[in-house]
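# Coordinate inspection notes
Residue-level listing of the chains:
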Amino acid sequence: MNREPAPARFSLNQETIRQWSLPDLVRGCTEAGVGTVGLWREPVRRFGLRRTAKLVAGAGLRVSSLCRGGFFTAADPVGRAAALEDNRRAVEEAAELGADTLVLVSGGLPEGDRDLVGARGRIVDVLGELTPWAAAHGVRLGIEALHPMFAADRCVVSTLGQALDLAERFPAERVGVVVDAYHLWWDERLTAEVRRAGAGGRIVSVQVADWVTPLPEGALLGRGQLGDGCIDLRGFRELTEEAGYHGPVEVEIFHPGLWAREGSEVLRELIERYRRHVA
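Residues numbered from 1 in each chain as written. Predicted model: local features only at pLDDT ≥ 70, side-chain atom pairs only at ≥ 80, totals over all residues. Heavy atoms only, no water.

### Quick notes on the overall build of the chain
Per the secondary structure count, the chain includes 11 helices and 10 strands. A globule of 279 residues ought to have a C-alpha radius of gyration of about 19 Å, and the chain, at 18 Å, matches this closely. Each principal axis of the C-alpha atoms in the chain carries an extent, and together these give about 55 × 40 × 40 Å. Here the chain holds 279 residues, and 55% of them are scored as buried. Summarising the internal contacts of the chain: among those between residues at least 6 apart in sequence, 81% fall at separations of at least 24. Averaging the positions of the 34 positive and the 39 negative side-chain charges in the chain gives two centres separated by 3 Å. (Helix = DSSP H or I, 4+ residues; strand = E, 2+ residues; numbered from the N terminus. Rg over C-alpha atoms; globule rule 2.2 N^0.38 Å. Buried < 20%, exposed > 50% of the residue type's maximum accessible area, 1.4 Å probe, protein only. Contact = heavy atoms within 4.5 Å. Lys, Arg positive; Asp, Glu negative; His and termini not counted. Charge placed at Lys NZ, Arg CZ, Asp CG, Glu CD.)

### Here's the deal with the side chain of Glu-252
In this fold, Glu-252 is placed in the loop between β10 (249-251) and α10 (256-259). Among the polar contacts listed, one links the side chain of Glu-252 to the side chain of Asn-13, at a separation of 3.2 Å. A polar atom in the side chain of Glu-252 sits 2.9 Å from the side chain of Arg-223. The contact partners of Glu-252, leaving out residues within four places of it in the chain, are Asn-13, Thr-16, Trp-40, Glu-144, Asp-180, Gln-207, Val-208, Ala-209 and Arg-223. (Polar contact = N/O pair within 3.5 Å; in protein donor to acceptor, adjacent residues only side chain to side chain.)

### What about helix α3 (residues 49-58)?
Working note: α-helix, 3.6 residues per turn, so residues spaced by three or four point in the same direction. The complete set of buried residues in α3 reads Thr-52, Ala-53 and Val-56. Projection of α3 onto a plane perpendicular to its axis shows the buried side chains occupying an angular sector of 100 degrees, all on one side. Away from its buried face by more than 90 degrees, α3 exposes Arg-50, Arg-51, Lys-54 and Gly-58. Buried positions along α3 lie against α1 (22-32), β2 (36-40), α2 (41-47), β3 (62-70) and α4 (77-97). Among the residues trailing α3, Gly-60 stands out with phi positive, at a value near 75 degrees. (Arc of directions from axis to C-beta.)

### As for the state of the cysteines
The tally for this structure, following the rule as stated, stands at 0 disulfides. Cys-67 carries a free sulfur, and the closest cysteine sulfur to it, the one in Cys-155, is 11 Å from it. Taking relative accessible area as the criterion, Cys-67 reaches 3% and is therefore assigned buried. Among the residues examined, Cys-155 registers a relative accessible area of 0% and is labelled buried. (Disulfide = S-S within 2.5 Å.)

### Here's the deal with the packing of helix α6 (residues 160-167) against helix α8 (residues 190-199)
Taken N-terminus to C-terminus, the directions of α6 and α8 make an angle of 25 degrees; their axes are 9 Å apart at the nearest point. Between α6 and α8, the angle is such that the two are roughly parallel. For the element pair α6 and α8, the recorded crossing hand is left-handed. Together, Leu-160, Gly-161, Leu-164 and Asp-165 of α6 and Leu-190, Glu-193, Val-194, Arg-196 and Ala-197 of α8 make up the contact between the two elements. Split into classes, the residues belonging to the contact of α6 with α8 amount to 5 nonpolar, 1 polar and 3 charged. (Axes fitted to C-alpha atoms, helices over the stretch in contact; angles between N-to-C directions. Parallel < 35°, antiparallel > 145°, perpendicular 65-115°, else oblique. Left-handed = near helix turned anticlockwise from the far one by under 90°. Nonpolar A, V, L, I, M, F, W, Y, C, P; charged D, E, K, R; others polar.)

### Side note on the nonpolar core
One finds Phe-10, Leu-12, Leu-39 and Leu-267 to be the most contacted residues of the largest nonpolar core, which totals 83 residues. A per-element tally of this core places helix α5 (residues 116-136) first, with 7 residues. If sequence neighbours within four positions are ignored, Leu-12 has contacts with Ile-17, Trp-20, Leu-25, Cys-29, Val-34, Thr-36, Val-37, Gly-38, Val-251, Leu-267 and Leu-270. Counting 7 residues, the second largest nonpolar core, distinct from the first, contains Trp-40, Cys-67, Val-178 and Trp-259. (Core = buried A, V, L, I, M, F, W, Y, C linked by side-chain atoms within 4.5 Å.)

### Topic: the sheet that holds strand β5 (residues 140-144)
If you trace the 8 strands once around the closed barrel, you get β1-β2-β3-β4-β5-β6-β7-β10, paired in parallel fashion. Averaged over all neighbouring strand pairs, the angle between strand axes comes to 30 degrees, with direction disregarded. In the sheet, β2 pairs with β3 via 5 bridges, with the strands oriented parallel. Each bridged residue has a counterpart across the sheet, and for Val-37 the counterpart in β3 is Val-63. Across the sheet, α5 is in contact with β4 (101-105), β5 and β6 (175-180); its angle to β5 comes to roughly 145 degrees. (Pairing = 2+ DSSP bridges.)

### What about the pairing of β4?
Counting buried residues along β4, 5 of its 5 residues qualify, which places the element largely inside the surrounding structure. Of the two faces of β4, the one carrying Thr-101, Val-103 and Val-105 and the one carrying Leu-102 and Leu-104 are both buried. With 4 bridges joining them, β3 and β4 adopt parallel strand pairing. What sits directly across from Cys-67, in β4, is Val-103. A crossover connection joins β3 to the parallel β4 through α4; in handedness this β-α-β unit is right-handed. Of the pairings in the sheet, the one linking β4 to β5 comprises 5 bridges and is parallel in character. (Right-handed = clockwise from strand over helix to strand, strands pointing away.)

Printed below as a string of structure tokens:
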């Protein structure tokens, strides 16, 4: 157990210590003085949506985000309808959990498709149908841009500017953007786009992980522990604050090395690294 509570804005993304069950997550965060968590739909479903909501609320934890909705880029009507229905369910789940934000990862190119512009256009179409549903449930949508290496199979939205171009088609209180250091640190327009997002009241979530090289085989699981890579994480956090964001800063690291360790040890290290490199 830490000698003092975790920094007030520190939020633990569930996937960072995925070896923990939901009761373990709640217990570990409570013992470490962590007041905010980001949840994932799959483990929540396995444990039970209502059970999760009751467990988290009973411990006094705030849910900074639910991950994830999205995957809007199917070209056929059946795939598009399925995506819309899944996202409606995701909105309902976020509302049940009291999550601040439903994170949206747009989806990659459909198999055999090479039309990036067309895929991005289909995101707008689905968002147009999803946004009123989210508004009716009191859930704010957060469009997340992923690093360009994921454009083919996971997310055709690769820059914060592209995410803002999509979000700005809708009211700011309904659709915003997720600002993730791991995915955005490299972009020469980052400062300008974060300021643009802040001026429009569009920043709904800030996430941090570090960039280490060489990337491991399977780049999805290559996020680095805070301070192990080349990102100026404190500068990134300060940039979002200067733009007007003062909400939770979610630590979201996908790394098998962390998952193989004892969870409470990982959390102690995360909090210490956050204090040293982010806060």
